[in-house]
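Structural characterization, general
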Amino acid sequence: MSTAVTKRGDVNPSSGDAERADYAALVRMAAGGDRDAMERLLMRAQEVAYRFSLLVCGHPQDAEDVMQEALLKTYRYVGRIKQPDAFRTWLYTTVRNACRMKRRRHVGEPAHVSSIEQGAIGADGEPASIDVEAPARPADQLVMDAWINDRLRRALNALPPAYRMIVVLREMEGLSTREVASVAGISEVNVKTRLHRARVLLRQALEGV
Amino acid sequence: MSDAGIGECRAILAGISAYLDGDADAAACQAIQRHCRDCAACATVVEGLRETIGLCREAGSVPLPDAVRRRARAGIERLLASGKRPAG
């Protein structure tokens, strides 16, 4: 797939608005009893959960449990939906929280590893690079290796967790700056600052792997 | 970093993400493009970040492994077959 560049310099503007509207339409149809819409929505929820578990948290062994939680919570949520346009933000926040809780439930795990968005703070006051990747089972590792470009995955893992989440949500999942800010619980200005630094670090990591 | 001076390069580099996201105004876009014509180092950085963003976006569109999709599909079927209704 080639990467288009517009005259203004931007790379393939993501279709975030269309995606958000698509989610909202699915939620409305599912809430109205459309089984096909419900199935598609539940599949998307699980896909989001799987990608987030692996790419942001780096814990393939948790992915199945987080998928199950996303499945059940989405199913319940659709029955009491009031703002279909806010569904996407709700879904990513739910998945992020499920990943955090899953980590906390692991016996003997240091508390700081549970925090996706905080991570360790370096001497410069910015998130420092820490290795949050737990040892993966061989089968999980094989699935990951076959799924995503190994060079990119290793470069992502080299990022501080707080930066990794911003990159994944913004670049890979196509959320808007406002949506990322809502999911990550930081300001839009901070999202932009972290995204820029993350891109630079990711580039350096890609050149080094 | 360039003949135009490190200060100018720093200013350009600080605005690169806005430029690549399409958030920079026309004047800023022209300034970056003009600078990069004369500064190979900054031009390389811009191209490198552009490639990095493209790589991430491509990865984001890759379908999940078939085995994972099958398990997800099975989970949906079990849930819908259980007869439970979403909480209203």
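Structural data are supplied above this passage.
Residues numbered from 1 in each chain as written. Chains lettered and ligands numbered in written order. Predicted model: local features only at pLDDT ≥ 70, side-chain atom pairs only at ≥ 80, totals over all residues. Heavy atoms only, no water.

Remarks on the packing of helix H7 (residues 150–157) of chain A against helix H10 (residues 188–208) of chain A
Residues and elements named next belong to chain A. Heads up, the rule is: Angles run from 0 to 180 degrees between N-to-C directions of axes, and those axes are lines fitted to C-alpha atoms, restricted for helices to the stretch in contact. In this description a helix means any DSSP run of H or I spanning at least four residues, a strand means any run of E spanning at least two, and both kinds are numbered starting from the N terminus. Should an angle fall under 35 degrees it is taken as roughly parallel, and over 145 as roughly antiparallel, whereas 65 to 115 is taken as roughly perpendicular and any remaining angle as oblique. Handedness of a helix crossing follows the sense of rotation of the near helix relative to the far helix, less than a right angle counterclockwise being left-handed and clockwise being right-handed. Any two residues whose heavy atoms approach within 4.5 Å are treated as being in contact.
As a packed pair, H7 and H10 sit with axes 9 Å apart at the nearest point and diverge in direction by 130°. In terms of orientation, H7 and H10 fall into the oblique class. Once H7 is placed against H10, the crossing between them reads as right-handed. Residue-level inspection shows Arg151, Leu152, Ala155 and Leu156 of H7 in contact with H10, the latter providing Leu202, Ala205 and Leu206.

Observations regarding helix H2 (residues 35–57) of chain A
Residue and element names in this part refer to chain A. Applied cut-off: In a helix, the anticipated span is given by 1.5 Å times the number of residues less one. Each residue is placed in one exposure class: buried if its accessible area under a 1.4 Å probe, protein chains only, is under 20% of its type's maximum, exposed if it is over 50%, and partly exposed if it falls in between. The term polar contact refers here to a pair of N or O atoms within 3.5 Å; inside protein, the definition further demands a hydrogen-donor-capable atom paired with an acceptor-capable atom, and it admits residues adjacent in sequence only when both atoms are side-chain atoms.
For H2, spanning 23 residues, the distance from its first C-alpha to its last is 32 Å, which sits close to the expected 33 Å at 1.5 Å a residue. Most of H2 sits inside the fold, with 20 of its 23 residues counted as buried. Two or three places before Asp36, at the start of H2, stands the capping residue Asp34, its side-chain oxygen 3.0 Å from that residue's backbone nitrogen. At the C-terminal side of H2, Gly58 shows a positive phi close to 70°.

Some details on the pattern of salt bridges
Spelled out, the test is: Definition used for salt bridges: Asp or Glu carboxyl oxygen within 4 Å of a side-chain nitrogen of Lys or Arg.
According to the stated counting rule, one finds 20 salt bridges over all chains in the structure shown. With a closest N to O distance of 3.6 Å, Glu188 of chain A and Arg178 of chain A form a salt bridge. With Glu188 of chain A in helix H10 and Arg178 of chain A in helix H9 (residues 177–184), this residue pair connects regions lying 10 residues apart in the sequence. Accessibility expressed as a relative area gives 61% for Arg178 of chain A, which makes it exposed. Each of the salt bridges in this network shares a partner with another, and the network as a whole consists of Glu171 and Arg199 of chain A together with Asp21 and Arg57 of chain B.

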